[in-house]
Amino acid sequence: EWFKFRIHYGLINAGYATLEIKEATKNNKKVFHAVGKGHTTGMTKMFFKVEDNYESFIDKETGNPYQFVRKINEGGYTKDQEGFFDRKNKTVLVKDYKRDSEKTIIVTDNVQDILSTFYYLRNHPTVDKLKIGEFVDIDMFFDDEIYKFKLKYLGKENLNTKFGKVSSLKFRPYVQSGRVFKEKESLTVWVSDDVNKIPLLVKAELAVGSLKASIIEAKGIQQPLTILK
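The text that follows walks through the structure, step by step, so that each part is easy to find. Just so you know, these numbers come straight off a predicted model, no measurement behind them.

Moving on, we get to the pattern of salt bridges. Side chains that differ in charge, positive against negative, can pair when their charged atoms come close. As enumerated under the stated definition, the model contains 14 salt bridges in all. For K60, the salt bridge goes to E23, with nearest N and O atoms at 2.2 Å. Of the two residues, K60 is situated in the loop between strand 4 (50-59) and strand 5 (65-74) and E23 in strand 2 (residues 12-26); the sequence distance between them amounts to 37 residues. The class of K60 is partly exposed, set by a relative accessible area of 34%. Residue classification places E23 among the exposed residues on the basis of a relative accessible area of 52%. Ionic pairing is found between D139 and K148, a salt bridge with its closest N-O pair at 2.8 Å. For D139, a relative accessible area of 12% gives the class buried. Relative accessible area serves as the criterion here: at 64%, K148 is assigned to the exposed category.

Set out below in structure tokens:
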């Protein structure tokens, strides 16, 4: 499947992002290869250039990642890393190409990387059975640390999209406040209330202003979206 999003910063069309998942082979085993890319455009690119590339190679059965790639440039803040998970020894080897260094970090069982977290949650068996106010908790590896990532269910909402009005599930991820986000509860996500669990809209309150990412294209989904009248 493949998704494309338009990113708005206030009233400004700030850029675009894509999410794709396809098949690949790792260690002679068929896996999912997830790729997320984002970039700024137009005037926004002149003032704050963003060129982000995230990748994750994910086990088809467990949903756990084998390897991640993080290559970003966000207004001059850059990262160029790969991480290799060793499930048997509960470690991840992080290779930092920018600093020409590597280190091995102890991790927990079933830890996710930033991109595999998204697909893991979409396929979580209880994500559409939560009661309002309940959470899904997972361990997420990010910036050489493990974070307790929580996804809070806020209820259902009929959402106006480019495709029409769609029934959606509304969630609030708990994120780390500080460098980018205004506070822990500054991010809100809407996904389609069907088997697809398509991300329809993301809103974020930033340290300065607000950001919105809305879906504009979707290909390869399991079944057509149900459009409400």
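Our focus in this paragraph is helix 2 (residues 114-122). Along helix 2, the positions that sit buried rather than exposed are L115, S116, T117, Y119, L121 and R122. Between the side-chain oxygen of the N-cap and the backbone nitrogen of L115 there are 3.0 Å, and the N-cap of helix 2 in question is D113.

Below, the discussion takes up the packing of aromatic side chains. Within the structure shown, the criterion is met by eight aromatic pairs. Taking 6.5 Å as the distance between ring centres and 55° as the angle between the ring planes, the aromatic pair formed by F142 and Y147 counts as tilted. Residue F142 shares its accessibility class with Y147, and that shared class is buried. Through a chain of ring-to-ring contacts, the aromatic side chains of F68, F85 and F141 assemble into a single cluster. Lying across the ring of W2, K219 places its NZ or CZ 4.8 Å from the centre.

The rules behind the values
Residues numbered from 1 in each chain as written. Predicted model: local features only at pLDDT ≥ 70, side-chain atom pairs only at ≥ 80, totals over all residues. Heavy atoms only, no water. Salt bridge = Lys/Arg side-chain N within 4 Å of Asp/Glu carboxyl O. Helix = DSSP H or I, 4+ residues; strand = E, 2+ residues; numbered from the N terminus. Buried < 20%, exposed > 50% of the residue type's maximum accessible area, 1.4 Å probe, protein only. Polar contact = N/O pair within 3.5 Å; in protein donor to acceptor, adjacent residues only side chain to side chain. Phe/Tyr/Trp six-rings, centres within 6.5 Å; stacked < 30°, edge-to-face > 60°. Lys NZ or Arg CZ within 6 Å of the ring centre and 35° of its normal.

Read these as spatial facts, not as claims about activity.
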